[in-house]
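Residue-level structure breakdown
Spelled out from the first residue to the last, the chains are:
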Amino acid sequence: MALPDHLAEVAREYADGTRTAAEPRDAATVVLQRPGVDGAPEVYLLRRQVTMDFAGGMCVFPGGGVDPRDYDHEVAWAGPTPAEWAARLGTTEDVARALVCAAVRETFEESGVLLAGTSVDDVVADTTAEDWETDRVALESRELALTDFLDRRGLVLRTDLLGIWSGWLTPVFEPKRYRTWFFVARLPEGQITRDVSTESSEVVWLRAIDAADQADLGDLAMLPPTYLTCLEIGTIGDVDAVLDAAADRTVDMFTPEVEPLGDGFTLSMPEGLRPLVAARRS
């Protein structure tokens, strides 16, 4: 994707210290998946309201910034320990715990899907009842903290249902910046996604590779991390294979930088993804 010349110039000013970059905020996003009719992974995408001050009109995965109350206290926890998550996410233990909580909370807020259960072997089967929706709205409005919500309902946070995929730090020239950890998860059996987020204008399930194709055609607007994630996941056979791949990953946070593209400029990408993009352009 070509970068406008004026943005390339602004990026240079940040690089040489003429401007001071905004302090990034920690965030988590979840690539929620289900098998398509052919077994290929489908992903859940939201189109953000065009009035949003960050990524307005873009198609994104459920996610958002860490809420200070995601740090509140420990909750019943299944799966890798916070210390193990910290090693995989490249953070301190308290930040890792907050990021996992944020990933689960934002997924519930924006899709109605809850990665929690009454035990380490159980997942909530249905979150569509009125009392669940009341709690979801309270979480979204920050009237309720995730930790209190789980404690009150006697739920265990099923962190074993999450895998880690990648980490992206917003370029220095953006006025709002996020340090975002990308998680992957399977849609739990019995649960359904719903168009509930106040930050989105519409939602859709698409095969990951089809989402990348539509972005190439200009039919879907995506930020580079979303596009590249769809493209990469779209080359993997099925949801099980995606989760298996995630099991061996750790995060090395990547910040796109300006680089030449023909007579203009573009943003860089992780070296491991360049062959995928080059194959589509050949």
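Quick look at the structure, then.

Parameters at a glance
Residues numbered from 1 in each chain as written. Predicted model: local features only at pLDDT ≥ 70, side-chain atom pairs only at ≥ 80, totals over all residues. Heavy atoms only, no water. Helix = DSSP H or I, 4+ residues; strand = E, 2+ residues; numbered from the N terminus. Contact = heavy atoms within 4.5 Å. Pairing = 2+ DSSP bridges. Salt bridge = Lys/Arg side-chain N within 4 Å of Asp/Glu carboxyl O. Buried < 20%, exposed > 50% of the residue type's maximum accessible area, 1.4 Å probe, protein only. Arc of directions from axis to C-beta.

Turning next to the environment of Thr 226. Along the chain, Thr 226 turns up in helix α7 (residues 224–234). Excluding anything up to four places from it in sequence, Thr 226 contacts Leu 45, Cys 59, Val 60 and Phe 61.

On to the sheet that holds strand β6 (residues 77–78). The strand order across the open sheet formed by three strands is β6-β8-β7, and the pairing between neighbours is mixed. Each edge of the open sheet carries a strand with a single partner, namely β6 and β7 (116–117). The sheet contact formed by β6 and strand β8 (residues 156–158) spans two bridges and is parallel. Paired with Trp 77 across the strands is Leu 157, a residue of β8.

An order of β1-β13-β12 is seen for the three strands of this open sheet, with the pairing classed as antiparallel. Here the strands that pair on one side only, and so sit at the sheet edges, are β1 (2–3) and β12 (258–261). Sheet analysis places β1 next to strand β13 (residues 264–267), joined by two bridges and oriented antiparallel. Counted as the bridge partner of Ala 2 is Thr 266 from β13.

Turning our eyes to something else, we now look at the pattern of salt bridges. This structure, assessed with the given rule, holds 27 salt bridges. One salt bridge connects Arg 158 with Asp 160, and the closest N-O pair in it is separated by 2.7 Å. Using a relative accessible area of 36% as the deciding quantity, one classes Asp 160 as partly exposed. One connected set of salt bridges, linked through shared partners, spans Asp 67, Arg 69, Asp 70, Arg 105, Glu 106, Glu 109 and Arg 142.

Among all positions of helix α8 (residues 239–247), only Val 239, Val 242 and Ala 246 are buried. Along α8, the residues classed as buried sweep out an arc of 60° about the axis, all on the same side. Away from the buried face of α8 by more than 90 degrees, exposed residues Asp 244 and Ala 247 are located.

The next thing to look at is unusual backbone geometry. Phi at Arg 142 takes a positive value of approximately 70°, unusual for a residue other than glycine. Within the secondary structure, Arg 142 is located in the loop between α4 (130–140) and α5 (146–153).

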